[in-house]
Amino acid sequence: MASYLPVKIAVIGGSGLYNLEGIEFVAEVNPDTPWGKPSDAITIARTADGTHVAFLARHGRGHYLTPTEVPSRANMAALKSLGVEAILAFSAVGSLREELAPRDFILPSQIIDRTKGIRPSTFFEDGIVAHAMFADPFSKVLEQVIWDQRDVLEGGKFHKDKTLICMEGPQFSTRAESNMYRSFGADVINMSALPEAKLAREAEMAYQMICMSTDYDCWKEHEVAVTVEAVVANLNANSANAQRVLKAILPGVRKVVEDGSVLEGLKGSMRFACMTAPAKRSKAAVEKLEFLLPGYYTV
Ligand SMILES: CSC[C@H]1O[C@H](OP(=O)(O)O)[C@H](O)[C@@H]1O
Ligand SMILES: Nc1ncnc2[nH]cnc12
């Protein structure tokens, strides 16, 4: 086993965040998983105080995977195989509320699913059934660690307890849809939270998405609708802030990983979520799951 393993903290970079800065490079790995290869090679890096972090670019470095094509099962399985327990997932989002301005950061606490059922979204299929709890899709422990460092943001504000709607894309929404999402109570919109957050839960990894607002989508009457150009204009500022936030929160994340609190309520949860009688579990499905949750489903 490589000396840096296990790596217990992972960062997923979304649009505009393709690398970690100011942190020492240790290794690059590209694990094979029963669900295929991750989006790109995973970089292992080390902070000045010796914390190891795994970094994965969700759309690949160079952004060649659409939100629909992101191999989320392979991504989550690959991170889990490194020993990851806590995931900080960055995402560029549109704002559905006046008070959530472009360049603000938002910690969502809820998700509404508007993906179209075309993304593989569970590890449990083909002869084994489990139902993970998902009422609270994000980690309260990670949320608190991040919130405690909210003052490090430059040129924007931090918000928490917001609702994220995840759409399929890749096209942006119509004005009617954008208004409908507002009427649902959604505050921000992206194309990437799902199935990532569900799969992190199934793999028993604590997961918090850190949303970085880039635009007001298209709900504002008489204002131009979101374009990639508008999004990109805010990505650079957001990415500098993301690096700042990461630097500030990693010591706190390390602490909750080391004291075990980050996995409270998660560790062991999927043992009891399985509905399939041991004798009825498909051997092939159980074998695949050995990669993710070893010893859980073997008879
Ligand atoms: C570039 S705008 C739409 C694109 O940006 C977000 O990506 P990510 O969540 O990976 O930062 C959004 O989800 C869409 O995929
Ligand atoms: N308006 C928007 N809709 C969906 N995903 C986004 N990511 C950034 N802005 C977005």
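Residues numbered from 1 in each chain as written. Chains lettered and ligands numbered in written order. Predicted model: local features only at pLDDT ≥ 70, side-chain atom pairs only at ≥ 80, totals over all residues. Heavy atoms only, no water.

Keep this limit in mind: UniProt positions are given in the numbering used here, feature names are shortened, and annotations may be inferred rather than shown by experiment.
Per an unreviewed UniProt entry, the chain goes by the name S-methyl-5'-thioadenosine phosphorylase and belongs to Entomortierella parvispora. Database annotation for the chain, UniProt heading Sequence similarities (unreviewed entry): "Belongs to the PNP/MTAP phosphorylase family. MTAP subfamily." Per UniProt, the comment on the chain under Pathway (unreviewed entry) is "Amino-acid biosynthesis; L-methionine biosynthesis via salvage pathway; S-methyl-5-thio-alpha-D-ribose 1-phosphate from S-methyl-5'-thioadenosine (phosphorylase route): step 1/1."

1. Topic: unusual backbone geometry
Note the cut-off: Runs of E in the DSSP output that reach at least two residues are strands. Runs of H or I that reach at least four are helices, and both are numbered from the N terminus. Exposure is judged per residue with a 1.4 Å probe applied to protein chains only, and the accessible area is read against the type maximum: over 50% gives exposed, under 20% gives buried, and values in between give partly exposed.
For the peptide bond that leads from Leu5 to Pro6, omega is -5°, which places it in the cis range. Gly169 connects to Pro170 through a cis peptide bond whose omega is 5°. By the element assignment, Pro170 lies in the loop between strand 7 (158–167) and helix 3 (175–184). The phi angle at His63 is positive, at roughly 55°, despite the residue not being glycine. Here His63 shows up in the loop between strand 4 (52–57) and helix 1 (72–82). With a relative accessible area of 33%, His63 lands in the partly exposed category. Even without being glycine, Asp161 reaches a positive phi, approximately 60°. For Asp161, the position within the fold is in strand 7.

2. Details of the layout of surface pockets
To be explicit about the condition: Lining residues are defined by having an atom within 4 Å of a point belonging to a cavity or pocket. Those points lie on a 1 Å grid over the protein atoms alone, cavities being sets where a 1.4 Å probe fits but cannot get out and pockets being open sets with protein on both sides within 12 Å along at least five of seven lines. Grid points are joined across faces, edges and corners, and a volume is the space filled by probe spheres set on the points. All amino acids are sorted into three groups, where Ala, Val, Leu, Ile, Met, Phe, Trp, Tyr, Cys and Pro are nonpolar, Asp, Glu, Lys and Arg are charged, and the leftover types, Gly among them, are polar.
Approximately 450 Å³ is the volume found for the largest pocket. Residue lining of the largest pocket: 27 residues in total, with Ser15, Ala92, Phe172, Met191 and Val231 positioned closest to the centre. If you list the elements that add at least two residues to the lining of the largest pocket, you get strand 5 (86–95), strand 8 (188–190), strand 9 (206–215) and helix 5 (228–258). Split by residue class, the lining of the largest pocket holds 13 nonpolar, eleven polar and three charged. Quantified by volume, the second largest pocket comes out at close to 380 Å³. Secondary-structure elements contributing two or more residues to the lining of the second largest pocket are helix 2 (140–147), strand 9 and helix 6 (269–272).

3. Section: empty space enclosed by the protein
Empty space among the atoms becomes apparent when a probe as large as a water molecule is rolled across them. Within this structure, the stated rule accounts for one cavity of 30 Å³ or more. Estimates place the volume of the largest cavity at around 30 Å³. Surrounding the largest cavity, Pro108, Ser109, Phe138, Ser139, Lys140, Glu143 and Gln208 form its lining. Counting only elements with at least two residues in the lining of the largest cavity, the list comes to strand 6 (105–114) and helix 2. Class assignment for the residues of the lining of the largest cavity results in two nonpolar, three polar and two charged.

4. Focus: the site of ligand 2
Defined as follows: For this description, a residue counts as near a given molecule or strand if any of its non-hydrogen atoms is within 4 Å of it. For this analysis, a polar contact is any N or O atom pair within 3.5 Å, provided that within protein one partner can donate a hydrogen and the other can accept it, and provided that sequence-adjacent residues contribute only side-chain to side-chain pairs. For the area figures, the Shrake-Rupley method with a 1.4 Å probe applies, and any residue is considered shielded solely by the protein chains shown. Being in a pocket or cavity means that more than half of the molecule's atoms lie within 2 Å of its grid points.
In the neighbourhood of ligand 2, the contacting residues comprise Ala92, Val93, Gly94, Met167, Phe172, Ile189, Asn190, Met191, Thr214, Asp215, Asp217 and Val226. The backbone of Ala92 places a nitrogen or oxygen atom 3.0 Å from a nitrogen atom of ligand 2. Between ligand 2 and Asp217 there is a distance of 2.8 Å, counted from a nitrogen atom to a side-chain nitrogen or oxygen. Across the complex, the protein chains shield 94% of the 270 Å² of accessible surface that ligand 2 would expose by itself. Using a 2 Å cut-off from the grid points, one finds that ligand 2 occupies the largest pocket. At the level of secondary structure, the elements contributing two or more residues to the shell around ligand 2 comprise strand 5, strand 8 and strand 9. Among the elements that take part in the shell around ligand 2, strand 5 stands out by supplying three residues, more than any other.

5. Quick look at the nonpolar core
To be explicit about the condition: What is meant by a nonpolar core is a set of buried Ala, Val, Leu, Ile, Met, Phe, Trp, Tyr and Cys residues, joined one to another through side-chain atoms within 4.5 Å.
The biggest cluster of nonpolar side chains holds 51 residues, and the ones touching the most others in it are Leu79, Ile87, Phe123 and Tyr297. Looking at which element gives the most residues to this core, the answer is helix 1, with five residues. Membership of the second largest hydrophobic core comes to 34 residues, among which are Phe55, Ala57, Phe90 and Trp147.

6. Description of the site of ligand 1
Near ligand 1 you find Gly14, Ser15, Arg58, His59, Pro67, Ser91, Ala92, Phe172, Asn190, Met191, Ser192 and Val231, and these make up its full shell. Within the side chain of Ser91, a nitrogen or oxygen atom sits 2.6 Å from an oxygen atom of ligand 1. Ser192 places a polar side-chain atom, nitrogen or oxygen, 2.8 Å from an oxygen atom of ligand 1. Isolated, ligand 1 exposes 390 Å² of accessible area, and the fraction of that covered by the protein chains is 90%. In this structure the site holding ligand 1 corresponds to the largest pocket. Here the shell around ligand 1 is built from residues that sort into five nonpolar, six polar and one charged.

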